[in-house]
Amino acid sequence: MMQRFCGWALITSIELTVLLSGCSSNVTPADAAATPAARPAAETASPPQTAPADYIASGPLVVENQVELAAQRDGVVAEVFVDTGAFVRRGQLLAKLDDRQLSADRDAAAAKARSTEADLKNWESGAKVARAERDRSELLWKANIIAKQQAEKTQYQYDAAEFEVERQREDMNFAQATLKSLELELEKTRITAPFDGVAARRYLHVGQEVVKNDRLFWISAVAPLRVKFALPEAYLGRVRKGTQLIVAPSAIPGEIHQARVLMVSPVVDPSSGTIDVTAELQGPSASLRPGMTAGIRLRNPQ
């Protein structure tokens, strides 16, 4: 009897423990849920949003005008007038090829053009005389003073004079075209600067034989300076023409320049997910050179 009572007591104790455990697990979530409700409103408010940070990028300084001058015809370099690093003006003579043969050909063509022009004027005068004779003969024939054959002869002479005038005019046009062609070839022997800038490189020397398309000079403008860089596509529409930014050349610590956006590409590069931006520097920039790398700071792009 005592053993049976102890067994029931043990079972009752276990059931009580399980019951208390179940009650405890039911109460705890309710208490935990009640705890946040009792917190002050200030603790539940979301933190204030911070302003977007400046965007930092980098890119090269460039100029719009930059070209490698190439030989436009075969020849031998006769003279070189500028060296690497020299500042040049538009139209300035940089070098010259030997032009003696071309000059002689041009002078001969000019003489030929003058000769054919004089012949044309002579035949034009003859045609005027022939026309006057024809008109006079027609009047005499109508007055029955001369025969019809005589009037027809003066008409044939006038027609022949007109044909000769036309031939001489074509000869003159051909001579003038030949002269112009030689003058153009003569211009190709003169290498000139296409715009104001600096002779960044010189590839030729006196006595060198060059052929068409050989490199002669690399001419680069020095202003206005521009900077090119890329932005993530998320900035499309947030950066536009006229947006101000700061440019800091990497080679000159502490120096900064103002710039203004000139162009924002309307197309996103699918390989990088970026858009190309070009900005132009404002104010003096004598210490900067095309090709330098610069940091770009875009202030709080919205």
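Structure: above.
So, here's what we can say about the structure. Note that the coordinates shown come from a computational prediction; the quantities given were computed from them, not determined experimentally. (Residues numbered from 1 in each chain as written. Predicted model: local features only at pLDDT ≥ 70, side-chain atom pairs only at ≥ 80, totals over all residues. Heavy atoms only, no water.)

Description of the overall build of the protein
Working step 1: Secondary structure assignment for the protein yields four helices and 14 strands.
Working step 2: A buried classification covers 27% of the 302 residues belonging to the protein.
Working step 3: Once local pairs closer than 6 in sequence are excluded, the contacts in the protein between residues at least 24 apart make up 74%.
Working step 4: In the form shown here, the protein has an accessible surface area of approximately 19700 Å², with 55% of it arising from carbon and sulfur atoms. (Helix = DSSP H or I, 4+ residues; strand = E, 2+ residues; numbered from the N terminus. Buried < 20%, exposed > 50% of the residue type's maximum accessible area, 1.4 Å probe, protein only. Contact = heavy atoms within 4.5 Å. Areas by Shrake-Rupley, 256 points an atom, 1.4 Å probe, with all protein chains shown as cover.)

A closer look at the sheet that holds strand β2 (residues 66–70)
Working step 1: Across the sheet, which stays open at both edges, the four strands sit in the order β2-β9-β7-β4 with antiparallel pairing between neighbours. Across the chains shown, the open sheet's two edge strands, defined by having one partner strand only, are β2 and β4 (87–88).
Working step 2: The sheet contact formed by strand β7 (residues 197–202) and strand β9 (residues 215–220) spans four bridges and is antiparallel. Residue R202 lies in a different strand from β9, and its bridge partner there is F217. (Pairing = 2+ DSSP bridges.)

Quick notes on the environment of P232
Working step 1: Summarising the element assignment, P232 is placed in strand β10 (residues 226–232).
Working step 2: Judged by relative accessible area, P232 falls into the partly exposed class, the value being 26%.
Working step 3: Separated by 40 residues in the primary sequence, P232 and S272 have C-alpha atoms spaced 8.4 Å apart.
Working step 4: Excluding residues within four positions of it along the chain, P232 makes contact with Y55, G273, T274 and I275.

Focus on the sheet that holds strand β11 (residues 244–249)
Working step 1: In spatial order, the strands read β1-β10-β13-β12-β11-β14; together these six strands close into a barrel with antiparallel pairing. Each strand of the sheet is rotated relative to its neighbour by a mean of 40°, with strand direction disregarded. (Axes fitted to C-alpha atoms, helices over the stretch in contact; angles between N-to-C directions.)

Looking at unusual backbone geometry
Most peptide bonds take the trans form, and the phi angle of most residues other than glycine is negative.
Working step 1: The omega torsion of the bond from A223 to P224 falls at -5°, within 30 degrees of zero and hence cis.
Working step 2: Mapped onto the elements of the fold, P224 is located in the loop between β9 and β10.
Working step 3: Residues other than glycine seldom take positive phi values, yet N144 does so here, at roughly 60°.
Working step 4: Along the chain, the position of N144 falls in the loop between α3 (100–142) and α4 (148–187).

Examining the side chain of S265
Working step 1: Structurally, the position occupied by S265 is in the loop between β12 (257–264) and β13 (274–281).
Working step 2: S265 sits in the buried class, given a relative accessible area of 14%.
Working step 3: Separated by 3.2 Å, the side chain of S265 and the backbone oxygen of V267 make a polar contact. (Polar contact = N/O pair within 3.5 Å; in protein donor to acceptor, adjacent residues only side chain to side chain.)

Coordinates in, geometry out; function isn't part of it.
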